[in-house]
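# Structure assessment
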Amino acid sequence: AALLASSIPKVQQSQRASNQFQPQASFKVAVLGAAGGIGQPLALLIKMSPLVSALHLYDIANVKGVAADLSHCNTPSQVLDFTGPLELANCLKGVDVVVIPAGVPRKPGMTRDDLFNINANIVKSLVEAVADNAPNAFIHIISNPVNSTVPIAAEVLKQKGVYDPKKLFGVTTLDVVRANTFVAQQKNLKLVDVDVPVIGGHAGITILPLLSKTRPSVTFTDEEVEQLTVRIQNAGTEVVEAKAGAGSATLSMAYAAARFVESSLRALDGDGEVYECSFVQSELTELPFFASRVELGKKGVEAVISADLHRLTEYEAKALEALKPELKASIEKGVAFVEKRA
Ligand code: NAD
Ligand code: LMR
């Protein structure tokens, strides 16, 4: 029930209530990279939340128009725009949640790791500013390669002396959204009921849907497991190829990121039983970062849920061992990137 409660329909229900009453809470959210393909629809969805009093939109260009446009929506939050590094500190002061979709997306033929050279620098400089101006905020990293950009963010925060592992999240919600959609289609289930935990990381074989842990309980043939797992792992590439050079997933990503923001805000607001999958510092495996279900609370990650990793099928257990070397290398690449520049 908690998982279902964190879905978008709940946002829309609350939205109806907010038309009659004052906002239920007054959280401030910043989006860094707000004029981009993800940033714009994400800002729109966050603008719909009754939990938000201020929406700060930052980009290196084109953000003024996005903010002017959005500010005409008659929902409670105030929209402010910030352009370029000189305005970044003001954008971040006093915010509760910082979402980072800044960076370049893939084109056909590229891996997420091919984005490392450009996006590592972008994430590093943005997280430095977050450390200086919003050290207590929840930080949601969307920029790819997530398997490396999250460790980069952690190292930057450590260097600045403000690292709180409970508040740094790699956003892997889109993997869960996709898994839920594909499983519901395949098994002819009501979408709203389906929840599939997705563990590991956010690239290729590091994305591991635990189909055996699908709720409600469903049985799959071996062929279905293989076909669904591969489709979920390649879903990002499916979109990159369909967009044929015009970028990667933006709308489904904005939907997924808005769900993760709403869950974070509900947790900050004191709601109980808020669960999401996320790539976080973790002791579930020997790897320092790992995506799994986590329970969110006022202070960030309240608990990393280990139960999903118990009694894995043989297929899942093998896939888990197979993903570890790649995920480990991506994490180490991120850490080394920051250490080299220290
Ligand atoms: P986009 O090119 O449409 O938008 C990126 C935005 O970032 C642009 O507006 C650009 O001006 C801005 N930007 C660049 N450098 C910046 C900086 N230093 N400070 C602030 N803003 C900056 O790209 P997009 O489609 O929105 O994708 C953004 C990122 O999200 C990509 O790295 C992509 O791979 C990633 N992504 C992740 C997931 C996920 O599941 N985690 C899903 C989809 C996309
Ligand atoms: C996704 O999963 O859609 C994103 O990580 C973007 C990409 O490059 O596939």
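Residues numbered from 1 in each chain as written. Chains lettered and ligands numbered in written order. Predicted model: local features only at pLDDT ≥ 70, side-chain atom pairs only at ≥ 80, totals over all residues.

The chain is annotated in an unreviewed UniProt entry as malate dehydrogenase from Asparagus officinalis. Listed under Subunit (unreviewed entry) in UniProt, the entry text for the chain is "Homodimer." (UniProt positions renumbered as here; feature names shortened; annotations may be inferred.)

## Topic: the site of ligand 2
Contacts to ligand 2 come from P105, R106, R112, N144, L174, G236, T237, V239, V240, S248 and A249. With four residues, helix α10 (residues 235-243) is the largest single contributor of residues to the shell around ligand 2. Broken down by class, the residue content of the shell around ligand 2 amounts to five nonpolar, four polar and two charged. (Near = placed C-beta within 6 Å. Helix = DSSP H or I, 4+ residues; strand = E, 2+ residues; numbered from the N terminus. Nonpolar A, V, L, I, M, F, W, Y, C, P; charged D, E, K, R; others polar.)

## Some thoughts on the nonpolar core
Formed by 105 residues in total, the largest nonpolar core has its most connected members in V29, L57, V98, A153 and A257. By residue number, the principal contributor to this core is helix α11 (residues 251-268), which donates ten residues. A153 has contacts with V123, V127, I139, I141 and L168, leaving out every residue within four places of it along the chain. (Core = buried A, V, L, I, M, F, W, Y, C linked by C-beta atoms within 7 Å. Buried ≥ 20, exposed ≤ 12 C-beta atoms within 10 Å, placed from the backbone. Contact = placed C-beta atoms within 7 Å.)

## Section: helix α7 (residues 146-159)
Between its terminal C-alpha atoms α7 stretches 20 Å, which fits the 20 Å expected from 14 residues at 1.5 Å a residue. Buried within α7 we find V146, N147, S148, T149, V150, P151, I152, A153, A154, E155, V156 and L157. Looking at the packing, one finds that the buried side of α7 touches α6 (116-133), β5 (138-141), β6 (168-170), β9 (274-281), β10 (289-297) and α12 (314-340). In the stretch just after α7, G161 is the one whose phi turns positive, near 75°. (Expected span 1.5 Å × (residues − 1).)

## Some words on the UniProt feature "domain: Lactate/malate dehydrogenase N-terminal" (unreviewed entry) in the chain
UniProt feature "domain: Lactate/malate dehydrogenase N-terminal" (unreviewed entry): in the numbering of this structure it lies at residues 28-170. Helix makes up 38% of residues 28-170 and strand 21%, with an end-to-end C-alpha separation of 20 Å.

## Some thoughts on the site of ligand 1
Looking at ligand 1, there are 32 residues lining it, with G33, G36, G37, A102 and N144 nearest. In terms of residue count, the dominant contributor to the shell around ligand 1 is α6 (three residues).

## Focus: the confidence of the model for the chain
With 93% of its residues at a pLDDT of 70 or more, the chain shows a mean pLDDT of 94. Note on residues 1-21: pLDDT under 50 across the span, and 27 contacts to partners over four residues away in sequence or across chains. Scored as a complex, the prediction yields pTM 0.94 and ipTM 0.99. (pLDDT = per-residue confidence, 0-100.)

## Overview of the pairing of strand β11 (residues 300-304)
Bridging between β10 and β11 involves four bridges; their strand directions are antiparallel. Counterpart to G297 in the pairing with β11 is G300. The antiparallel pairing of β10 with β11 creates a hairpin that spans two residues between the two strands. (Pairing = 2+ DSSP bridges.)

## Section: unusual backbone geometry
With glycine set apart, most residues show a phi of negative sign, and most peptide bonds adopt trans. Going from N144 to P145, the amide bond is cis rather than trans, its omega being -5°. A cis amide bond, omega 0°, links R215 with the succeeding residue P216. Residue position: P216 is located in the loop between β8 (207-209) and α9 (222-233). A positive phi angle, near 65°, is found at N62, a position not held by glycine. Judged by the 14 C-beta atoms lying within 10 Å of it, N62 falls in the partly exposed class.

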